[in-house]
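Structure assessment
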Amino acid sequence: MVPFHPSMNVVDSRWVYKIKHRVDSSIERYKERLVARGFTQQEGIYYSETFSLVVKPVTVRLIFSIAVSRNWKIYQLDIHNVFLNDVLAEEVYMKQPPGFFYSALSSHVC
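A quick note: this is a predicted structure, and the numbers were derived from the prediction, not measured.

As a further point, take a positive patch on the surface. Together, Arg14, Lys18, Lys31 and Arg33 give the surface a local cluster of positive charge. Mapped onto the positive patch, the elements with two or more residues apiece are strand E2 (10-21) and strand E3 (27-37). Within the fold, arginine 14 resides in strand E2.

Right, let's talk about the environment of histidine 108 for a bit. Within the secondary structure, histidine 108 sits in strand E5 (residues 108-109). We classify histidine 108 as buried; its relative accessible area is 19%. When the C-alpha atoms of histidine 108 and methionine 1 are compared, they prove to be 5.8 Å apart, with 107 residues separating the residues in sequence. Sequence-distant contacts of histidine 108, defined by excluding residues within four places in its chain, comprise Met1, Val2, Pro3, Phe4 and Gln96.

Looking now at the pairing of E3. For a regular strand, the rule is simple: side chains alternate between the two faces of the sheet. Inspection of the sheet shows E2 paired to E3 by ten bridges, in the antiparallel sense. Across the sheet, lysine 18 pairs through a bridge with lysine 31, a residue of E3. Two successive antiparallel strands, E2 and E3, enclose a turn made up of five residues, where serine 25 displays a positive phi of approximately 75°.

Right, let's talk about the pattern of salt bridges for a bit. Taken as a whole and assessed by the stated rule, the structure comprises one salt bridge. One salt bridge connects glutamate 28 with arginine 29, and the closest N-O pair in it is separated by 3.0 Å. Looking at arginine 29, the relative accessible area reads 37%, which means it is partly exposed.

Let's shift gears to helix H1 (residues 57-69). Given a rise of 1.5 Å per residue, 13 residues ought to cover 18 Å, and the 18 Å separating the end C-alpha atoms of H1 matches this to within 8%. The first or second residue beyond H1 is asparagine 71, which carries a positive phi of 55°.

Conventions used here
Residues numbered from 1 in each chain as written. Predicted model: local features only at pLDDT ≥ 70, side-chain atom pairs only at ≥ 80, totals over all residues. Heavy atoms only, no water. Patch = residues over 30% accessible without salt bridge, like charges linked within 9 Å, V, L, I, M, F, W, Y side chains within 5 Å. Areas by Shrake-Rupley, 256 points an atom, 1.4 Å probe, with all protein chains shown as cover. Salt bridge = Lys/Arg side-chain N within 4 Å of Asp/Glu carboxyl O. Lys, Arg positive; Asp, Glu negative; His and termini not counted. Charge placed at Lys NZ, Arg CZ, Asp CG, Glu CD. Helix = DSSP H or I, 4+ residues; strand = E, 2+ residues; numbered from the N terminus. Buried < 20%, exposed > 50% of the residue type's maximum accessible area, 1.4 Å probe, protein only. Contact = heavy atoms within 4.5 Å. Pairing = 2+ DSSP bridges. Expected span 1.5 Å × (residues − 1).

Here is the structure:
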């Protein structure tokens, strides 16, 4: 926690909740995660580069056609998490998370 200064790049956050179910529809566990809401940043002010991994449908069709013609086994992989694997050039701060607000440091950010 550091004192807020107007020159800081401060992003908001929110909690995301999910209920994981077993095959028989009973509840297995409750999951939650804190997500930084980076979409509140403005390009050119807070960052200069963006990256979004996207596969074009034509690429998928090409891979499938090669796999079928060579009798390759095809496996599926679902990726739900994306991690930032780079060194940031600027400092990024986050507002105190909802539900974990520390009133003694109300003008501080994470």
